Amino acid sequence: MNDASKPTLILGGTGKTGRRLAERLTAQGLQVRIGSRSVTPAFDWRDRTTWPRALEGVGAVYISYYPDLAVPGAAEAVGAFAELAVQRGVTRLVLLSGRGETEARRAEEMLKASGADWTILRCAWFSQNFSEGFLVESLLGGEVALPVGNVGEPFVDADDIAEAAFVVLTQPCHVGQLYELTGPRLLSFADAVAEIGKAAGRDIRFIRISHAEFTAAVAAQQLPAEFVWLINELFTEVLDGRNESLADGIQRVLGRAPKDFSAYATETAASGIWSN
Ligand SMILES: NC(=O)c1ccc[n+]([C@@H]2O[C@H](COP(=O)([O-])OP(=O)(O)OC[C@H]3O[C@@H](n4cnc5c(N)ncnc54)[C@H](OP(=O)(O)O)[C@@H]3O)[C@@H](O)[C@H]2O)c1
């Protein structure tokens, strides 16, 4: 359990899960320190000189790496950060991890080896990638073209992840536990896009393209090469069928079923994000 008299450092605290975790802790009157490049003092994964200050006086850390634990070097960065935290007496560390990723698995092992009081939240693809990530623009354009076929993915809602992070940080008994967090249902990307189209009342097409076509299309948008590599890696390595199964992490931590993708789609469509 976290020391409630000290702030919780939330790395990626303005991102998909970190922002929601910060809201939950703050609503309970608990102190929060956001760790990201846009706050003062800034925290930057690429600049280790920023790490010690972010850790000063905190009681626990929620570790959300950026851009993704699949990126080469991510495990070493997470391991080095965890070691530094433990050296500074901050032992309560919760890692946001990814299912089926070799590099994420290495980050988990390095976290465990640091001597921290660890908890791992190993997550499926977030539903919010469709509303707070790189897929928003294509959804708005009425066509999503991805190098993925009929593979089923149990998309998990970022609100459920944040709720689980809140519980493991504020209740005892979660140290040394690994929870696999998934949604309640397998959907292909075509299914997910169809559900979003239905919820938004729009005709949105899904097209399967080759990896080469995808790389060319993304490169034409002048996105960083690192991003193009990452998306290809995720679609090649993670979406090969290895994650086509449901897990019970949400039920174990929250004592209830995870939120279904259709509820996410309906609620998010109401915000107008997928409407032109
Ligand atoms: N998205 C998924 O479906 C998924 C699934 C499973 C696991 N994960 C894992 O979840 C983690 C977060 O992914 P996400 O997609 O949800 O991203 P995200 O949290 O939405 O990422 C944005 C956050 O990262 C911060 N950030 C960006 N660059 C940074 C840097 N160089 N140093 C420090 N902070 C930085 C941003 O704040 P500033 O801009 O202010 O720096 C912001 O708070 C990744 O490690 C990924 O492996 C993601």
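Above this note sits the structure.
Residues numbered from 1 in each chain as written. Predicted model: local features only at pLDDT ≥ 70, side-chain atom pairs only at ≥ 80, totals over all residues. Heavy atoms only, no water.

> What exactly am I supposed to notice about helix α3 (residues 74-87) here?
Every α-helix winds through 3.6 residues per turn, so residues three or four apart in the chain are directed the same way. The end-to-end C-alpha distance of α3, which contains 14 residues, comes to 20 Å, matching closely the 20 Å that a straight helix rising 1.5 Å per residue would cover. Along α3, the residues that are buried comprise Ala 74, Ala 75, Ala 77, Val 78, Gly 79, Ala 80, Phe 81, Ala 82, Leu 84 and Ala 85. A positive backbone phi angle near 85° is found at Gly 89, which sits one or two residues after α3. (Helix = DSSP H or I, 4+ residues; strand = E, 2+ residues; numbered from the N terminus. Expected span 1.5 Å × (residues − 1). Buried < 20%, exposed > 50% of the residue type's maximum accessible area, 1.4 Å probe, protein only.)

> Would you take a moment to explain unusual backbone geometry for this structure?
A negative phi holds for most residues other than glycine; trans holds for most peptide bonds. A cis amide bond, omega -5°, links Thr 40 with the succeeding residue Pro 41. Position of Pro 41 among the secondary structure elements: in the loop between β2 (32-35) and α2 (51-55). With omega at 5°, the peptide bond leading from Tyr 66 into Pro 67 counts as cis. Assignment of secondary structure puts Pro 67 in the loop between β3 (60-63) and α3. Look at Cys 173: it is not a glycine, yet its phi comes out positive at around 85°. The residue Cys 173 is located in the loop between α6 (158-170) and β7 (177-181) in this model. Under the relative-accessibility criterion, Cys 173 is labelled exposed at 68%.

> Whenever I open this one, the site of the ligand confuses me. Can you help?
The local shell around the ligand holds 26 residues, among which Thr 14, Arg 37, Ser 38, Tyr 65 and Asn 129 are the closest. One of the backbone N or O atoms of Trp 45 is found 3.0 Å from a nitrogen atom in the ligand. Calculation on the ligand without its partners gives an accessible area of 900 Å², and the protein chains cover 89% of this total. Take the shell around the ligand: its biggest share by element is 3 residues, from strand β4 (residues 92-98). The class makeup of the residues in the shell around the ligand is 11 nonpolar, 10 polar and 5 charged. (Near = heavy atom within 4 Å. Polar contact = N/O pair within 3.5 Å; in protein donor to acceptor, adjacent residues only side chain to side chain. Areas by Shrake-Rupley, 256 points an atom, 1.4 Å probe, with all protein chains shown as cover. Nonpolar A, V, L, I, M, F, W, Y, C, P; charged D, E, K, R; others polar.)

> What should I look at first to understand the packing of α3 against helix α4 (residues 102-113) in this one?
In helix packing, the relevant descriptors are the interaxial angle and the interaxial distance, both defined with respect to the helix axes. Where α3 meets α4, the axes come as close as 8 Å, and the angle between the chain directions of the two elements is 15°. Compared by their axis directions, α3 and α4 come out roughly parallel. As α3 runs across α4, the sense of the crossing is right-handed. On the side of α3, the interface is formed by Ala 74, Ala 75, Glu 76, Val 78, Gly 79 and Ala 82, while α4 contributes Glu 103, Arg 106, Ala 107, Met 110 and Leu 111. Grouping the constituent residues of the contact of α3 with α4 by class yields 7 nonpolar, 1 polar and 3 charged. (Axes fitted to C-alpha atoms, helices over the stretch in contact; angles between N-to-C directions. Parallel < 35°, antiparallel > 145°, perpendicular 65-115°, else oblique. Left-handed = near helix turned anticlockwise from the far one by under 90°. Contact = heavy atoms within 4.5 Å.)

> Would you mind going over the side chain of Glu 153 with me for this structure?
Considering the arrangement of structural elements, one finds Glu 153 in the loop between β6 (143-146) and α6. No salt bridge is formed by the buried Glu 153; its nearest oppositely charged neighbour, Arg 99, is found at 5.5 Å. Residues in contact with Glu 153, not counting those within four places in the same chain, are Ala 124, Trp 125, Arg 185, Leu 186, Leu 187, Leu 239 and Asn 243. (Lys, Arg positive; Asp, Glu negative; His and termini not counted. Salt bridge = Lys/Arg side-chain N within 4 Å of Asp/Glu carboxyl O.)

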